[in-house]
Amino acid sequence: MARIGVIGAGYVGLTTAACFAHLGHRVVCADVDEGKVTALRRAEIGAHEPRLAELVAEGLRTGRLAFTTDNGEALADAEFVYLCLPTPTGENGEADLSAVHAVLGDAEPDGCVLVVKSTVPIGTSDDIARSQRVPVVSNPEFLREGHAVDDFLRPQRIVVGADDESAARSVLALYPEAPALVTDRASAELVKYASNCFLAMKLSYVNSLAELCEQAGADIGDVTEGMRLDERIGAAFLRPGPGWGGSCFPKDTRALLSTSDGAHVDFPLLRATIDTNERQARRVVEKVREAAGPLAGTRIGLLGLTFKAGTDDLRDSPALAVAGLLADEGAVLTGYDPCVTADTGPVHVAETALDAAHDASALVVLTEWPEFAELDWPAVAAGMSRPVIVDTRNLLPADKVTESGIRLVSTGRAAD
Ligand code: UDX
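Residues numbered from 1 in each chain as written. Predicted model: local features only at pLDDT ≥ 70, side-chain atom pairs only at ≥ 80, totals over all residues. Heavy atoms only, no water.

### Description of the pattern of salt bridges
Working definition: two side chains of opposite charge can pair if their charged atoms are close together. Threshold: Think of a salt bridge as a Lys or Arg side-chain nitrogen and an Asp or Glu carboxyl oxygen that are within 4 Å of each other. Going along the chain from the N terminus, every DSSP run of H or I of four or more residues is numbered as a helix, and every run of E of two or more is numbered as a strand. Think of it in three bands: residues with accessible area under 20% of the maximum for their type are buried, residues over 50% are exposed, and the middle band is partly exposed, with areas taken using a 1.4 Å probe on protein chains only.
Scanning the entire structure with this criterion turns up 29 salt bridges. E108 is the salt-bridge partner of R133, the closest N and O atoms lying 3.2 Å from each other. One end of the pair, R133, is in the loop between α6 (124–131) and β6 (136–138); the other, E108, is in the loop between α5 (98–106) and β5 (113–116), and 25 residues separate them in sequence. By the burial criterion, R133 is exposed, and E108 matches it. Among the ionic pairs, R169 bridges to E165, the shortest N-O distance being 3.0 Å. Placement of both R169 and E165 in helix α8 (residues 165–172) is noted, with a separation of 4 residues, approximately one turn of the helix. Among the charged side chains, a network of salt bridges with common partners joins E211, E214, R279, R283 and K287.

### As for the sheet that holds strand β10 (residues 332–336)
To keep it simple, the criterion reads: For two strands to be treated as a pair, DSSP must find no fewer than two bridges joining them. Angles here are taken between N-to-C directions and fall from 0 to 180 degrees, while the axes themselves are lines fitted to C-alpha atoms, restricted in helices to the stretch in contact.
Taken in spatial order, the 6 strands make up an open sheet running β11-β10-β9-β12-β13-β14, and their pairing is parallel. The sheet terminates laterally at β11 (347–349) and β14 (407–409), the two strands that pair on one side only. For this sheet, the mean angle separating the axes of adjacent strands, direction not counted, is 25°. By the bridge criterion, 4 bridges tie strand β9 (residues 299–303) to strand β12 (residues 362–365) in an arrangement that is parallel. Bridge pairing links G301 to L363 in β12.

### Some words on the nonpolar core
Quick note on the threshold: Nonpolar core, defined: a set of buried Ala, Val, Leu, Ile, Met, Phe, Trp, Tyr and Cys residues in which side-chain atoms within 4.5 Å join the residues together. Delimitation of the domains relies on an automatic or database domain assignment. Any two residues whose heavy atoms approach within 4.5 Å at even a single point are treated as in contact.
One finds I4, V56, Y82 and V171 to be the most contacted residues of the largest nonpolar core, which totals 56 residues. Looking at this core, the element that brings in the most residues is helix α1 (residues 11–22), giving 8 residues. Both domains that meet at this core, namely domain 1 (3–183) and domain 2 (217–416), each give it at least three residues. Excluding residues within four positions of it along the chain, Y82 makes contact with I4, G5, V6, I7, T16, F20, V115, K117, N139, V171, L174 and Y175. Core analysis: the second largest hydrophobic core is formed by 25 residues, V285, V288, A319 and V340 among them.

This is the structure in structure tokens:
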């Protein structure tokens, strides 16, 4: 079992720390945020991430997991130091590496393998390696929010980039058995961007297909079902929606485009992927306007505010992009989300879905929380001032909804 230091206790760092402790390693996890560290010492993780709080509590109980605000404590004695720092979008779309540079400027890892888990532009780990005396390994994460623990403990792949075979093997040995790929550092960094951008591209493609279906009288559900049967295409990431969001796809697509621009490589496919997504919120607003009439002063209900179901994360949420545009046109917004209790931007947050529907001239389904498919449709219809639902995710049971006298505007299907 290894001694591991983790720098950064965001969802990636915390998941890494808690899961490594669960696997039997000794982990010290550092974060600059004192309040967060104090809460983590009580196993309060402050986020909706299944099983994570349980594993943090287990690590604290067994003594295999400790939290500190002092990076030095995470580095001292560690055989592996994991950098799990945020790399937000910088001014020109590139990833902002200031957190990574600040940590490495203050501390000098010694006698360990330095592992870069943060999503960093191609070449960053090589740059870091030039400034360090220890072996540097790139080991990107592929953790989905809401499934982070499961993805860590049962990985579909582990990618390790290194120029030192024994350092690469020692990092691989920390993980459970999984398909593994050892590459150079730049390729490992690119695997991460390439994967997320490919998935984003798939979604933008499907969202444009859905628009075409609406005009051409086809059904996106049938079209994607037909595509799924081709193993070369694959079954996942073919559900249309209000656009993709979250903490990774928007940031990573912009960062890869910025890297391509910097390398003088024209990547029109990636640019179109991003542009298509940025249009999605406007498309949803057009549908709402068509359903509800003029928006100024009109009450609109929103079902779902988080960027996807199964998380409380509102970062780059397409639902909030739609809400912002509706509010710009003067709509009065009441939303409901199982994971959001406080008013958010222009959205007053109600306690139930029925409250969000109350008096609304249209109800818009924005996040695919399964419970939205189970509402009491006659009660929803009775409460609305105009019973119309715009279902951006095709989540609702069309028969039951329309039988209740509600007009349902689906996505990627010709309008009734
Ligand atoms: C993603 C990657 O999946 C993960 O491997 C990476 O490490 C981090 O980024 P996450 O941001 O948690 O994970 O979200 P994900 O589940 O991939 O969904 C991304 C977006 O695509 C969401 O807005 C989601 O609603 C949307 N989506 C996904 C669709 O609109 N339709 C689909 O069929 C699938």
